[in-house]
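Coordinates in review
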Amino acid sequence: MFSHDVDYRILGTDIQVLEIELDPNETVVAEAGAMVYMEEAIAFETKMGDGSAPDQGVLGKLFSAGTRLLTGESLFLTHFTHRGSHGKSKVAFAGPYPGTIIALDLGTLSQGLIVQKDGFLAAAKGTKLSLHFNQKFGSGLFGGEGFILQKLTGDGKAFVHAGGTIIEKQLNNELLRMDTGCVVAFEPSLDFSVARAGGLKSMIFGGEGLLLATLRGTGRVWLQSMPIKKLIRALSPGGGNAQKESGGVLGGLVGGLLDE
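Residues numbered from 1 in each chain as written. Predicted model: local features only at pLDDT ≥ 70, side-chain atom pairs only at ≥ 80, totals over all residues. Heavy atoms only, no water.

Overview of the sheet that holds strand β1 (residues 7–11)
This is how it is decided: For two strands to count as paired, DSSP must find a minimum of two bridges between them. Only runs of H or I of at least four residues qualify as helices and only runs of E of at least two qualify as strands under DSSP, and these elements are numbered from the N terminus. Note on method: axes are straight lines fitted to C-alpha atoms, helices fitted across the in-contact stretch only, with angles between N-to-C directions ranging 0 to 180 degrees.
Spatially, β1-β2-β7-β4 is the arrangement adopted by the four strands of the open sheet, whose pairing is antiparallel. This sheet does not close on itself; its edge strands, each paired only once, are β1 and β4 (35–38). Pairwise comparison of adjacent strand axes, ignoring direction, gives a mean angle of 20 degrees for this sheet.

This is how it looks when you write it as structure tokens:
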């Protein structure tokens with residue numbers, strides 16, 4: 001099924017809103033609860049499945065919906081359709097926490113796109129959402145974002161939401177290490193794994209966690225500067241200061257013992 005060719009614009013800078021303009025009978029599929037506003041001609045319907053296989057039977061739809069539960073997402077997706085007979089109508093979406101939205105053309109990504117479990121925001125109808133199992137068990141067990149990720153395939157626009165600023169990097173047979181929660185999306189041509197974050201002292205007191213995510217190969221990766229887990233930690237009472245004190249005072253005392 002070919003994806004619907006939707007027009008869009010991204011509003012704002014720090015806390016962004018995605019506004020999609022639909023022609024009559026065009027549809028966009030979004031995460032449940034992501035809608036901000038919609039114009040009069042827009043009708044919405046909550047369904048199991050992404051609508052990429054319209055002839056799919058009941059069992060197929062149940063399986064598709066069930067796989068979304070494994071990624072930690074809602075069982076349902078919401079389909080927004082322009083039901084008017086002429087003109088254009090708009091519907092807008094936003095992520096569940098402050099951040100940035102990017103538009104990606106899946107037609108230029110022949111192998112699709114791997115997205116972290118809460119990165120998908122919306123996509124043109126015809127986009128297929130499926131599971132992506134990380135082949136390396138350790139990456140899923142310790143990687144911070146789960147053993148199961150989402151895979152987007154199709155030939156239309158998909159929209160991804162992330163915390164803070166999104167950074168796109170192109171790897172050319174290179175290796176890149178990062179905080180496990182900072183990975184938003186990457187091309188399947190890249191190999192994703194985890195590695196120990198330095199020596200014992202660095203792992204315990206460095207403030208970067210026990211493990212770092214590692215991407216190796218050739219392809220693009222999109223990173224976020226403020227994963228939701230870091231935002232929650234920073235906003236919790238004493239969260240940021242406690243971490244600094246642990247890495248500073250206590251780290252200095254115990255670190256000295258480890259150096260002996």
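Now that the structure has been shown, the text picks up again.
Re the confidence of the model for the protein
Spelled out, the test is: pLDDT measures how confident the predictor is about each residue, on a scale from 0 to 100. Residues count as neighbours in contact if any of their non-hydrogen atoms are within 4.5 Å of one another.
Mean pLDDT over the protein: 78, with 68% of residues reaching 70 or higher. Counted against residues more than four places away or in other chains, residues 202–208, with its pLDDT under 50, gives 16 contacts.

Focus on the nonpolar core
To keep it simple, the criterion reads: Residue types Ala, Val, Leu, Ile, Met, Phe, Trp, Tyr and Cys, when buried and joined through side-chain atoms within 4.5 Å, form a set referred to as a nonpolar core. Each residue is placed in one exposure class: buried if its accessible area under a 1.4 Å probe, protein chains only, is under 20% of its type's maximum, exposed if it is over 50%, and partly exposed if it falls in between.
The biggest cluster of nonpolar side chains holds 19 residues, and the ones touching the most others in it are L113, L152 and W222. Every element with two or more residues in this core is listed here: β8 (99–105), β9 (113–115), β10 (120–124), β13 (157–163) and β15 (183–186). It is β13 that contributes the most residues to this core, three residues altogether. What W222 contacts, discounting residues up to four positions off in sequence, is I102, L104, L113, I166, I167, E168, C182, V183, V184, A185, F186 and E187. V28, A30, I42 and A122 belong to the second largest nonpolar core, which has 16 residues in total.

Examining the packing of aromatic side chains
For clarity, the threshold we go by: Any Phe, Tyr or Trp ring, taking Trp's six-membered ring, that has another such ring centre within 6.5 Å forms a pair; planes under 30 degrees apart are called stacked, those over 60 apart edge-to-face, and the others tilted.
One pass over the structure, following the stated rule, counts four aromatic pairs. Ring geometry for F80 against F93: centres 5.2 Å apart, planes inclined by 70 degrees, an arrangement best described as edge-to-face. Of this pair, F80 sits in strand β6 (residues 77–82) while F93 sits in strand β7 (residues 89–93), and the two are 13 residues apart along the sequence. Classification of F80 by relative accessible area gives buried; the value is 3%. Since its relative accessible area comes to 0%, F93 is described here as buried. The interplanar angle of 20 degrees and the centroid separation of 5.7 Å between the aromatic rings of F186 and F192 together place this pair among those described as stacked. Note on accessibility: F186 and F192 belong to one class, buried.

Thoughts on the sheet that holds strand β3 (residues 27–31)
One open sheet holds the six strands; their spatial order is β5-β6-β3-β10-β13-β8, and the pairing between them is antiparallel. Only two strands of the sheet have a single partner each, and these edge strands are β5 (42–47) and β8. Neighbouring strand axes in the sheet, compared pairwise and without regard to direction, differ in orientation by 20 degrees on average. Pairing between β8 and β13: seven bridges, direction antiparallel. When the bridges of β13 are listed, I102 appears paired with V160.

Some remarks on the pairing of β10
The side chains of a regular strand alternate, first on one face of the sheet and then on the other. Among the five residues that make up β10, five are buried, leaving the element largely enclosed by the rest of the structure. Where β3 lies against β10, three bridges are found, and the strand directions are antiparallel. Within β10, the residue paired with A30 across the bridge is A122. Relative to β13, β10 runs antiparallel, the two being bridged by three bridges. Bridging across to β13, A122 finds its partner in F159.

Digging into the environment of L106
Within the secondary structure layout, L106 lies in the loop between β8 and β9. With 103 residues separating them along the chain, L106 and S3 place their C-alpha atoms 9.8 Å apart. In this structure L106 touches L113, T127, L152, T153, G154, D155, G156 and A158, once residues within four positions along its chain are discounted.

Focus on a nonpolar patch on the surface
Spelled out, the test is: Nonpolar side chains (Val, Leu, Ile, Met, Phe, Trp, Tyr) are joined into patches within 5 Å and like charges within 9 Å, using only residues with over 30% relative accessible area and no salt bridge. Using the Shrake-Rupley algorithm and a 1.4 Å probe, accessible areas are obtained, with residue cover drawn only from the displayed protein chains. Salt bridge criterion: a side-chain nitrogen from Lys or Arg within 4 Å of a carboxyl oxygen from Asp or Glu.
Taken together, M35, V36 and Y37 make up a surface patch of nonpolar side chains, about 230 Å² in accessible area. Mapped onto the elements of the fold, M35 is located in strand β4. Taking relative accessible area as the criterion, M35 reaches 32% and is therefore assigned partly exposed.

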